[in-house]
Amino acid sequence: MLRRPFCGMAVCFLLGILSAAYLDGPESVVLVLVIAPVWMLLLCFAQHFSGEVRLLRIRITLCIFMACIGFGMYTNEQAKRERYLYALTDGMLITVQGEVAGKQLRNNQYIYELMSCLVGTYQSDLLVQEPICCNRILAYSDSDVASIGEILILNGTVELWEHAVNEGNFDASSFYLARKQDFGLRDIRILAVQGNISRWRENLFCLKLELKEVYQTVMTQEAGGVITAMVLGDKTLLDAETKRLYQTAGLSHIMAISGLHISVIGMALYRFLRKRGIGLWISGIIAGALLYVYGTMVGMGTSVQRSVGMFLILLIAQAAGRGYDSLNALGMMALVLLWKNPYLPWDAGFQFSFVAILGVVWLGKCVSFEDASHGKRKEKIFVSAAVLLATLPLAAWHYFEVPMYAMLMNLLVLPLMGILLVLGVVGGLMGLLWLRGAAKLLFFCEKLVALVRGLCEICEKLPQSMVIVGRPELWQVICYYAVLVLSALWAYHKKEEKKAREKYDAKSGKKIMMQMHSMKRMVWAVVILAMAVTILFFPVSRHLELDVLDVGQGDGAFLRTEKGYTVFVDGGSTNVKQVGTYRILPFLKYKGARQIDFWFVSHTDEDHISGLCEILEAGYAVKTLVFAEGIVQDEAYEELQSLAEENGTQIIYVTAGDTLHLGEAKIHVLYPVTENVTDNIVRGNVVQFSEKETSVPDKNASSLVVLYEEKDFSAIFTGDIGSEQERGILWEMENLETQGKVQSMEIDVYKAAHHGSKYSNSAELLYTLRPEISTISCAKRNSYGHPGAEAVAHMEEVGSKIYYTMDSGQITVKLEEDGVKVYEFVHGM
């Protein structure tokens, strides 16, 4: 702390922000419970530095002051933001005045980022509400209506960012909050354009578009997309397959402008100028200025700001003849960025950027390569390993899966990064003047991109190339970093001990071997790494869990038994696009479900299978697909059957009376009933098929209905059956109860039939089942009138507690030691 004051101040400023965000109660209580103990501990620590106690106390006081400032800044920013956002509703017509801070062209649509905004509500040209100040706003337009630097006055409709509705889903609200972009503005109408154009920033925007056009013109679609992403930070030309390949190989970071890009370009330019005999100050000014211009052109994201800032600090230190401390520079940039935006701690880019550099710099100070015969090579391996170890918990936390060969792939590909970036930049600039010459230069880029793709394809074919690990618990992340820090401190202690003994040996003239045997060090490193990874990914004991997902107007439910079997029922939507890709699959990865053992399909309407089709297309492991024997075999069924075969998924057919045993859990098939069918028992993967099928033309009426039982818990999944089919269910349940195959006719959880339709969910069914909990899966806005008032009344009459996915988001039901508990995701779990 004595040598790196900015590190201490940045940490305390961050602690102040986190205290304001997560701790309830008056500010004085927070200060006493959080800041005061830190103060006392640091004062005790100061007693060991008798010569520097005064200086240390001054810096400790400064750190405490920074914590209070961080606490106050976040509290003030949040209060101001909530005050004006509370007055806005989705679709509201407002008038906005703001300066164009930046703009993008994405999918033929211009996106303007407005800052220093004033927002007012108008009716018939009369001011209804006094204009209020807000953070940044994104305005969407089909044409280019303004230049950067100009002040826009415009009308538009408010688009509030959506919150995640299921675990693992993308949370647009948190994403844009971390960027201080409060809401979007659609259907805009320009009222006035004022102010002066920022010529240099507008020209940079035009230059970016021209460079993108050069790459599109002279390169193949794939290579052009990769180079455009690497050089310009624009991923609009990348296809989904290329993104997936790079993610599987752990190389997706090279297609986003990061510190790696800045350091490669900045150092290459600086060294080029120095080799030409240009002085330190002039070289630093030119390199720093051009790097700042480049950062502005590509968008000045968090990692770009951090790396540009640290590079400028390095140049200033070298030009001034002063030492450069990476940790202190990192702390200074963290403090600057958090001061500008106290919401940054929740930004994934901020976390990855700072943690990766912290891992390399801090771990690097704890490990020495001076005595290594191949120091440079080992140092490259160490840097790659340090970044991987430092960011592993973040990857699991945000993406729920880990590329197993990321370290190897980075060692192979990163040496090519400098060549690709330099050739890409030079080729793009050459293309503005001489397109044919640029094509020859960028031809080498195409070959290198093809080589990288080939390596990615080889990596993908290796076993366990991408492993789903799920989101770890917070305590696991803390313990992982604790083990990592303690092991690094141990390595540092050994290094310092070795230096001290070497000095002693030099003085005494004795020659003593001080280096630990390489094999012994390797064993210790493997043991410590295995311990840390085991803590991070150690499976937490899970209770029986049922999750009814919010898929909009559709159905989808996930079951995990106490023995760890995974079951899914349906999975589709009519109003949520790519519901499998963006809602169901991220949820499964979040849960750490590497496969679904049994996926039940009630029927093949779009709102029950569209997500399942996407998941099979993505290659996610589904071991067994379960259909009713009487399923309508239409075009949708044939498509699903074909996808299952391509994915290696087994298909089985069941009918009323069949039972699936999963450890202590049982799944009874209640409907549809077929004629002259013997009782079938399904145990594991052994299936006894019946001989006769009865096809029912109505998909809804032939829905597969199943009853889940484990211990004292039971739940029924009803598909889209109507009142007539419900009588058949009751008959089958009575039959099973008579035979002693079910514990009781009364159940714990009732998944409402046909999204709560009034033509289903009859009083007769509800009075017999008497469910403790009822869940209704439907969209808030739908044209079917779901849920029906009559159906809801029937559930209420039997005393059932009703939960709606349209209000609660994901509905989680757990069997815990003290009984059945229900958690609503939108209301906080």
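About the criteria used
Residues numbered from 1 in each chain as written. Predicted model: local features only at pLDDT ≥ 70, side-chain atom pairs only at ≥ 80, totals over all residues. Heavy atoms only, no water. Helix = DSSP H or I, 4+ residues; strand = E, 2+ residues; numbered from the N terminus. Buried < 20%, exposed > 50% of the residue type's maximum accessible area, 1.4 Å probe, protein only. Contact = heavy atoms within 4.5 Å. Areas by Shrake-Rupley, 256 points an atom, 1.4 Å probe, with all protein chains shown as cover. Axes fitted to C-alpha atoms, helices over the stretch in contact; angles between N-to-C directions. Parallel < 35°, antiparallel > 145°, perpendicular 65-115°, else oblique. Nonpolar A, V, L, I, M, F, W, Y, C, P; charged D, E, K, R; others polar. Patch = residues over 30% accessible without salt bridge, like charges linked within 9 Å, V, L, I, M, F, W, Y side chains within 5 Å. Salt bridge = Lys/Arg side-chain N within 4 Å of Asp/Glu carboxyl O. Pairing = 2+ DSSP bridges. Core = buried A, V, L, I, M, F, W, Y, C linked by side-chain atoms within 4.5 Å. Expected span 1.5 Å × (residues − 1). Polar contact = N/O pair within 3.5 Å; in protein donor to acceptor, adjacent residues only side chain to side chain. pLDDT = per-residue confidence, 0-100. Lys, Arg positive; Asp, Glu negative; His and termini not counted. Charge placed at Lys NZ, Arg CZ, Asp CG, Glu CD. Phe/Tyr/Trp six-rings, centres within 6.5 Å; stacked < 30°, edge-to-face > 60°. Lys NZ or Arg CZ within 6 Å of the ring centre and 35° of its normal.

1. Some points on the overall build of the chain
- Each helix and strand counted, the chain has 24 helices and 26 strands in total.
- Taking all 829 residues of the chain together, the buried fraction comes to 49%.
- Considering only residue pairs separated by 6 or more positions, the chain has 72% of its internal contacts joining residues 24 or more positions apart.
- When the accessible surface of the chain is split by element, carbon and sulfur atoms take 57% of a total near 40100 Å².

2. Some remarks on the packing of helix H6 (residues 221-232) against helix H15 (residues 435-461)
- Relative to each other, H6 and H15 sit at 90 degrees, their axes nearing to 9 Å. What the angle tells us is that H6 and H15 run roughly perpendicular. Taken together, the residues of H15 that come into contact with H6 (itself represented by Glu222, Ala223, Val226 and Ile227) are Cys445, Glu446, Val449 and Arg453.
- Taken together, the residues of the contact of H6 with H15 break down into five nonpolar, no polar and three charged.

3. Focus on a nonpolar patch on the surface
- A cluster of nonpolar side chains, namely Leu429, Leu432, Leu433 and Trp434, defines an oily patch on the protein surface of about 460 Å² accessible area.
- Take Trp434: it is sitting in the loop between helix H14 (406-431) and H15.

4. Things to note about the pattern of salt bridges
- Under the counting rule described, the total for this entry stands at 23 salt bridges.
- Between Arg583 and Asp550 there is a salt bridge, with its nearest N and O atoms 3.7 Å apart. Taken together, the residues span a long stretch of sequence, with Arg583 in helix H18 (residues 579-590) and Asp550 in the loop between strand E11 (544-548) and strand E12 (554-560) at a distance of 33 residues.
- Taking relative accessible area as the criterion, Asp550 reaches 8% and is therefore assigned buried.

5. Focus: the pairing of strand E13 (residues 566-573)
- Along E13, eight of the eight residues are buried, which leaves the element largely enclosed by surrounding structure.
- In textbook terms, the turn of a hairpin is the stretch between consecutive antiparallel strands, and for E12 and E13 this stretch comprises five residues, one of which, Gly564, has a positive phi near 95 degrees.
- Here E13 runs beside strand E14 (residues 595-600); their pairing, made up of three bridges, is parallel. Residue pairing in the sheet places Val569 in a bridge with Phe600 of E14.

6. Quick notes on the pairing of strand E8 (residues 181-194)
- In the sheet, strand E6 (residues 136-141) pairs with E8 via four bridges, with the strands oriented parallel. Within E8, the residue paired with Ile137 across the bridge is Phe183.
- In terms of strand pairing, strand E7 (residues 151-159) meets E8 through eight bridges, oriented antiparallel. Bridging from a neighbouring strand, Ile153 pairs with Ala192 of E8.

7. Observations concerning the nonpolar core
- Of all hydrophobic cores here, the largest spans 50 residues; its most connected members are Tyr215, Met219, Ile227, Tyr246 and Leu251.
- For this core, the secondary-structure elements that each account for two or more residues are helix H5 (199-218), H6, helix H7 (240-248), helix H8 (259-275), helix H9 (280-298), helix H10 (302-320), H14 and H15.
- Broken down by element, the residue count for this core peaks at eight residues, all from H15.
- If near-sequence neighbours (up to four positions away) are discounted, Ile227 is found in contact with Tyr215, Met219, Leu232, Leu420, Gly424, Cys445 and Val449.
- Counting residues in hydrophobic clusters, the runner-up holds 31 residues, among them Ile596, Cys613, Leu640 and Ala644.

8. Re helix H1 (residues 5-22)
- Compared with an ideal rise of 1.5 Å per residue, which puts 18 residues at 26 Å, H1 spans 26 Å between its outermost C-alpha atoms and is within 8% of the ideal.
- Within the span of H1, buried status applies to Gly8, Met9, Ala10, Cys12, Phe13, Gly16, Ile17, Ser19 and Ala20.

9. Focus: the sheet that holds E13
- The strand order across the open sheet formed by eight strands is E16-E15-E14-E13-E12-E11-E25-E26, and the pairing between neighbours is mixed. Looking at strand neighbours, the two that pair on one side only are strand E16 (650-654) and strand E26 (819-824), the edges of this open sheet. The mean inter-strand angle of the sheet, taken between neighbouring strand axes irrespective of direction, is 20 degrees.
- By the bridge criterion, five bridges tie strand E15 (residues 621-628) to E16 in an arrangement that is parallel. By the bridge assignment for E16, Thr624 is matched with Gln650.
- Those strands touched by H18 are E11, E12, E13 and E14, and its axis lies near 160 degrees from that of E13.

10. Focus: the side chain of Ser777
- Tracing the chain through its elements places Ser777 in the loop between strand E23 (773-776) and helix H23 (789-797).
- Side-chain polar atoms of Ser777 contact the backbone oxygen of Gly554, separated by 2.6 Å.
- Leaving out residues up to four positions away in the same chain, Ser777 has contacts with Leu549, Val551, Gly552, Gly554, Asp555, His755 and Thr805.

11. A word on the confidence of the model for the chain
- Averaged over every residue, the pLDDT of the chain is 85; residues scoring 70 or more account for 85%.
- Here residues 46-51 is modelled with pLDDT under 50, and outside its nearest four sequence neighbours on either side it reaches five contacts, counting other chains as well.
- pLDDT under 50 marks residues 509-517. Its contacts with residues more than four places away, or in other chains, come to ten contacts.

12. Description of a negative patch on the surface
- There is a patch of like negative charges on the surface, built from Glu617, Glu635, Glu638, Glu639, Glu645 and Glu646.
- In terms of residue count, the dominant contributor to the negative patch is helix H20 (residues 635-646) (five residues).
- Within the fold, Glu638 resides in helix H20.

13. Regarding the packing of aromatic side chains
- All told, the structure shown has 20 aromatic pairs when counted by the stated rule.
- An angle of 35 degrees between the planes, with centres 5.7 Å apart, marks the rings of Tyr74 and Trp346 as tilted. Here Trp346 lies in the loop between helix H11 (326-340) and helix H12 (348-366) and Tyr74 lies in helix H3 (residues 53-85), a separation of 272 residues in the sequence.
- For Tyr74, a relative accessible area of 10% puts it in the buried group.
- Aromatic side chains Phe627 and Tyr653 sit 5.9 Å apart centroid to centroid with 35 degrees between the ring planes, which places their arrangement in the tilted category. Within this pair, whereas Phe627 is found in strand E15, its partner Tyr653 is found in strand E16, the two being separated by 26 residues in sequence.
- Overall, the relative accessible area of 17% leaves Tyr653 in the buried class.
- Members of the aromatic cluster, each reached through a chain of ring pairs, are Tyr22, Tyr74, Tyr343 and Trp346.
- Directly above the aromatic system of Tyr140 lies the positively charged group of Arg186, at a separation of 3.7 Å from the ring centroid.
- Across the ring face of Trp397, the terminal group of Arg471 is positioned such that the distance to the ring centre comes to 4.3 Å.

14. So, H11
- Under the 1.5 Å per step criterion, the end-to-end length of H11 is 21 Å for 15 residues, consistent within 8% with the ideal 21 Å.
- For H11, the N-terminal cap is Asp325; the gap from its side-chain oxygen to the backbone nitrogen of Leu327 is 3.2 Å.

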